[in-house]
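Structural characterization, general
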Amino acid sequence: MPIWLQATLWGLLGGAALLLGAGIGYFAKVSVRVSSSIMAFGAGVLISALAFDLMDEAFQQGGFDAAAIGFLSGAVVYTAANWLLKKRGAHNRKRSGDQQVSEAEDEGSGLALAIGALIDGVPESIAIGISMISGSKVSFAVVAAVFLSNVPEGLSSAVGMKKAQRSKAYIFGVWGGIALISGVAALLGYTVFSNLSPNIIAATTALAAGAILAMITDTMIPEAFEVTHDFTGIITVLGFLTAFVLSHLGV
């Protein structure tokens, strides 16, 4: 199977977890405490993956300068985009409580929510595609981390969207569309960067890592802590350990 097609399929797999989570959140009665606990676990998984896979790979390929510049740039770009989207009504897009606003309360917030969900997922998918460049083999630890973190993201957000009276078509249209875009982003991550210099690849990998870490602290941790409180730390550590073990099992 061509490598570009493999990258696309792995990206689709990671994105499909968002749709899976949304389906669970919409049709099943999941308590806020459970969804928040899963969110904390997913945050730990992602932190481990970006620390031991993405940033380490960036450093090995491009050295400290490329890794540091890319990492900070990713955080700045994500934070700026997230700040703008918050002003448009996407502030609580991952919240499973009653924090999300409806379209009637804030016109245009539906589009902002969709774009916000998009910028949350694209860096992860690009990282999957880039991870296949050097060895033409996907980093299963990165894919597993993206999948395990995307399920609670989709679940929590879908619960909040439902409470904000978003339609079923809107909820599954958003997450289904982002699942497809995730595949395209992974494809672009592989094809666009394959012929570029190691320094650019390293900086882009680190950029994705920086954006992911900013996303975790801005959106995932607040949702988890609001309900789990004193248990957020230990649950996040368990997620971190899970991804750490996967990363060091040679997968």
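Above this text sits the structure in question.
In this text, all values refer to a predicted model and were calculated from it rather than measured experimentally.

The rules behind the values
Residues numbered from 1 in each chain as written. Predicted model: local features only at pLDDT ≥ 70, side-chain atom pairs only at ≥ 80, totals over all residues. Heavy atoms only, no water. Phe/Tyr/Trp six-rings, centres within 6.5 Å; stacked < 30°, edge-to-face > 60°. Helix = DSSP H or I, 4+ residues; strand = E, 2+ residues; numbered from the N terminus. Buried < 20%, exposed > 50% of the residue type's maximum accessible area, 1.4 Å probe, protein only. Lys NZ or Arg CZ within 6 Å of the ring centre and 35° of its normal. Patch = residues over 30% accessible without salt bridge, like charges linked within 9 Å, V, L, I, M, F, W, Y side chains within 5 Å. Areas by Shrake-Rupley, 256 points an atom, 1.4 Å probe, with all protein chains shown as cover. Salt bridge = Lys/Arg side-chain N within 4 Å of Asp/Glu carboxyl O. Expected span 1.5 Å × (residues − 1). Bend = angle between axes of the 7 residues up to and from the residue. 1 Å grid on protein atoms, 1.4 Å probe; cavity = no way out; pocket = protein on both sides within 12 Å on 5 of 7 lines; lining within 4 Å. Points joined across faces, edges and corners; volume = space filled by probe spheres on them. Nonpolar A, V, L, I, M, F, W, Y, C, P; charged D, E, K, R; others polar.

**Comments concerning the packing of aromatic side chains**
Here the structure, examined in full by the defined rule, presents 5 aromatic pairs. With a centroid separation of 5.5 Å and an interplanar angle of 70°, the aromatic rings of Y26 and F172 are classed as edge-to-face. Of this pair, Y26 sits in helix α1 (residues 3-27) while F172 sits in helix α5 (residues 168-193), and the two are 146 residues apart along the sequence. Given a relative accessible area of 15%, Y26 falls into the buried group. On the basis of relative accessible area, F172 is assigned to the partly exposed category, the value being 22%. Clustering of aromatic rings is evident, with ring pairs tying together Y26, F27 and F172. Cation over ring: K162 sits above Y26, and NZ or CZ is 4.5 Å from the ring centre.

**Examining a nonpolar patch on the surface**
A cluster of nonpolar side chains, contributed by V184, L188, V192, L196 and I200, occupies part of the molecular surface with about 390 Å² of accessible area. Counting residues per element, the nonpolar patch draws most heavily on α5, which supplies 3 residues. Note on placement: I200 falls in helix α6 (residues 198-228). A residue is classified by how much of its surface remains accessible, and I200, at 40% relative accessible area, is partly exposed.

**A look at α6**
Here α6 is 31 residues long and its end C-alpha atoms lie 42 Å apart, about the 45 Å a rise of 1.5 Å per residue gives. The axis of α6 is deflected most strongly, by about 40°, at I216. Immediately beyond the C-terminal end of α6, within one or two residues, lies H229, with a positive phi of roughly 50°.

**With respect to empty space enclosed by the protein**
Applying the stated criterion across every chain yields a total of 2 cavities of 30 Å³ or more. Each pocket or cavity is described by its volume, and for the second largest cavity that value is around 60 Å³. What lines the second largest cavity is L46, A49, L50, L54, E124, A127, V142, A145, V146 and I212. Broken down by secondary-structure element, the contributors of at least two residues to the lining of the second largest cavity are α2 (32-90), α3 (109-130) and α4 (140-163). For the lining of the second largest cavity, the element with the highest residue contribution is α2, accounting for 4 residues. Residues of the lining of the second largest cavity, tallied by class, amount to 9 nonpolar, no polar and 1 charged.

The analysis is restricted to geometry; functional conclusions fall outside its scope.
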